[in-house]
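In case you want the letters, here they are:
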Amino acid sequence: MSKTRIGSVAAAALLVLTAACSGSGDSGDSGGSGVSGGAAAQGFQPQHKGGTLHLMAKAAGGSFDPQVNYTLQYWQLYQATYDGLLAFKKVGGQASFTVVPDLAEAMPQVTNGGRTYVFKLRPGIKFSTGKPVTVDDVVASFERIFKVSSPTAGTFYNGIVGSAACLKKPADCSLSKGVVGDASAGTVTINLTDPDPELPYKLAVPHASIVPKDSPAKDAGTKPLPSTGPYMAASYDPNRALKLVRNPYFKEWSHDAEPQGYPDEIDETFGLTVEAEVTAVENGQGDWVFDPPPSDRLNEMGTKYEKQVHVNPLTAFFYLTLNTNMAPFNNQMARQAINWAIDRAAAVRLYGGTNLAQPACTVLPAGFPGHVNFCDYTKGGGATWSAPDIEKAKQLVQQSGTAGQKVAVVVQEDEVYKSIGEYVQSLLNQIGYKATLKPLSANIQFTYIQNTENKVQLALTSWYQDYPAASDFLNVLLSCASFHPGSDSSINIAGFCDKDVDAQMKDALKTEQTSMPTADQKWGQVDQAVMAKSPLVPLFNPKLVDFVSTKVGDYQFSKQFYMLVSQLWVK
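Just so it is clear, the model here is predicted, and its values are computed rather than measured.

### As for the packing of helix H10 (residues 344–351) against helix H12 (residues 415–431)
Running from N to C, H10 and H12 cross one another at 155 degrees; their axes reach a closest spacing of 9 Å. Relative to H12, the element H10 is oriented roughly antiparallel. Every pair of crossing elements has a handedness; the one defined by H10 and H12 is right-handed. Note on element contacts: H12 touches H10 through Val-416, Ser-419, Ile-420 and Tyr-423, opposite Ala-346, Ala-347, Leu-350 and Tyr-351.

### Concerning the domain arrangement of the protein
Segmentation of the protein into domains returns domain 1 (65–70 + 80–219) and domain 2 (316–544). The distance between the C-alpha centroids of domain 1 and domain 2 comes to 31 Å. Taken together, the contacts link 15 residues of domain 1 with 19 residues of domain 2. Linking domain 1 to domain 2 there are 0 salt bridges. In this structure, the connection of domain 1 to domain 2 is made through 4 residue pairs in polar contact (both at pLDDT 80 or more).

### As for the confidence of the model for the protein
Per-residue confidence for the protein averages 91 on the pLDDT scale, and 93% of its residues sit at or above 70. Within the model, the stretch residues 4–38 combines pLDDT values under 50 with 119 contacts to residues more than four positions away or in other chains.

### So, the nonpolar core
Counting residues in hydrophobic clusters, the biggest one holds 161 residues, and the most contacted among them are Phe-142, Ile-190, Ile-338 and Leu-539. Per element, the largest residue contribution to this core is 8 residues, and it comes from H12. Both domains that meet at this core, namely domain 1 (65–70 + 80–219) and domain 2 (316–544), each give it at least three residues. For Phe-142, the contacting residues outside a window of four places in its chain are Leu-85, Ile-160, Leu-175, Val-179, Ile-190, Leu-203 and Ile-210.

### Some remarks on the state of the cysteines
Applying the stated rule across the entire model yields 3 disulfides. Two residues share a disulfide in this structure: Cys-166 and Cys-173, whose sulfurs sit 2.1 Å from each other. As the torsion about the S-S bond is roughly 80 degrees, the Cys-166-Cys-173 disulfide counts as right-handed. The two residues Cys-166 and Cys-173 agree in class, both being buried. With its sulfur 2.0 Å from that of its partner, Cys-480 forms a disulfide with Cys-497. Taking the torsion about the S-S bond as the criterion, the Cys-480 to Cys-497 disulfide, at about 105 degrees, is right-handed. Here the residue Cys-480 occupies a position in the loop between helix H14 (471–478) and helix H15 (499–511), and Cys-497 occupies one in the loop between H14 and H15, the gap between them amounting to 17 residues. A relative accessible area of 45% means that Cys-497 is categorised as partly exposed.

### As for the sheet that holds strand S4 (residues 109–111)
Across a sheet, strands are paired by hydrogen bonds formed along the backbone, either parallel or antiparallel in direction. Here we have 4 strands laid out as an open sheet, ordered S4-S5-S7-S6, and antiparallel in their pairing. Every interior strand has two partners, whereas the edge strands, S4 and strand S6 (179–182), have only one. Between one strand axis and the next, the sheet turns through 20 degrees on average, direction left out of account. Running at roughly 170 degrees to S6, helix H4 (residues 135–147) makes contact with S6 and strand S7 (187–191) of the sheet.

### Let's talk about helix H13 (residues 442–450)
Within an α-helix, residues lying three or four positions from one another point in the same direction, as the helix has 3.6 residues per turn. Of all the residues in H13, the buried ones are Ala-442, Gln-445, Phe-446, Tyr-448, Ile-449 and Gln-450. For H13, the secondary structure elements touched by its buried residues are strand S15 (406–412), strand S16 (434–440) and strand S17 (458–464).

### Some remarks on the sheet that holds strand S10 (residues 265–270)
A sheet is described by the order of its strands in space; here 5 strands give the open sequence S8-S9-S10-S1-S11, paired in mixed fashion. Edge positions in the open sheet fall to strand S8 (231–237) and strand S11 (288–289), since each of these has one partner strand only. Here strand S1 (residues 52–57) pairs with S10 via 6 bridges, running parallel. Counted as the bridge partner of Leu-53 is Ile-266 from S10.

What counts, and at which threshold
Residues numbered from 1 in each chain as written. Predicted model: local features only at pLDDT ≥ 70, side-chain atom pairs only at ≥ 80, totals over all residues. Heavy atoms only, no water. Axes fitted to C-alpha atoms, helices over the stretch in contact; angles between N-to-C directions. Helix = DSSP H or I, 4+ residues; strand = E, 2+ residues; numbered from the N terminus. Parallel < 35°, antiparallel > 145°, perpendicular 65-115°, else oblique. Left-handed = near helix turned anticlockwise from the far one by under 90°. Contact = heavy atoms within 4.5 Å. Domains from an automatic or database assignment. Salt bridge = Lys/Arg side-chain N within 4 Å of Asp/Glu carboxyl O. Polar contact = N/O pair within 3.5 Å; in protein donor to acceptor, adjacent residues only side chain to side chain. pLDDT = per-residue confidence, 0-100. Core = buried A, V, L, I, M, F, W, Y, C linked by side-chain atoms within 4.5 Å. Buried < 20%, exposed > 50% of the residue type's maximum accessible area, 1.4 Å probe, protein only. Disulfide = S-S within 2.5 Å. Pairing = 2+ DSSP bridges.

Shown next, in the form of structure tokens:
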């Protein structure tokens, strides 16, 4: 998923910061203020129920439609608002990757060689309007994924019988043979064209949220849809604030899938500078900073407020997209030149230093399923990145015949993105291009760079796993099925569609049906094939800084969706 939130700058300050804070590891307890996972293990503690949790972000995250939005900013909040048939377990640490039943009573019965999944819907669950959740809502929600052109319709859900026609004509989507409801039995059957071992993961992310059957067949935007979780959106103004209040019809049905929340109200306000956000948390006027702390505040955070800071490693990467369908990057040598030229250590320094990021050579993060240690673009060769090779980059630019061409670098206007963008602009000029920088608001940059109509040549962006599988990086970001010209939801931003690589991806996906270890080996080969074609430039794998107020307790870090917002204590 996209995530507009990034870390901090100034390595020296971060040496102090990270020395003062602990990482989460697998325990889910990242230290600092609050209470450890041990407190969470004791179950719900009513003495901490109540109060208002005040979150702050510089900008809103776009549409609040759970089947459309693709940012961690709101995926994090959806965990306590919307539900699917399945969910990721709401705990800290490695267990947060576990898929559990949510609106379904139990994990599905899988038959027909892995092509048929049967779910039994839990009785008695209601939307925030008071209407009960029915099998008709479930069927309509899956059809709505295609009607609203959800960003993952063509990748996560294209195996459902009937999806091919829905992708061609979303407005007329019918999954009458693919998602079948039986009201009398209270069951929903999902039929697939081929087995998909990753389907449980895909049903546990927000794009598969169950919403009322009469929901609009278009992006709901700033008019939040009724929800099933412990909270519902009472109001949303992207220029001011998002307000979540308790869903009066919520009763906890599974502590693993959807635990009741502690705060009575969760607000996220927009528009403050990051400096002001940090000051507000220090003064107890706000409870959490969404945006990266400014470099000149890190020292005080790491010394005076050390118990309020949490640092956690992420399965994510920052990268440059290279438009493979536009000059100069429709030339493979031009793309490879950028990979050779990039000083990944410089990018890490601009992000915050080696305590908050590590240079990356591959699409799959280290330690992720399918990851292979290799580095095609490092001076002198080797399995890990050591240094750029500027001279080789210059040679490739000349050989490609693209020297002297204009290149616009599109970045978010945040401090860190801009600083990295300025570095890339300078580098492009150094190796032979005429580069300019185009900063855009974080609220629009991610959708802007996806739409081919905007003719974006090179952009800085990031990707955070949707779920723990290699395909979630490679197939989602770089498959032909993820490229939708003219759409704001074309997550294959590079427009990369290579028949040979695509065939390798499909083979890896098919292999998952029989052997995940073998499939992971094949995904490793796909990663190497992709990097040879160079449609993107991996920069680094980040860590995340959470800065919370002194009144916040019970901090837990889910590896899947990060800080569990609804489980924070403010009382």
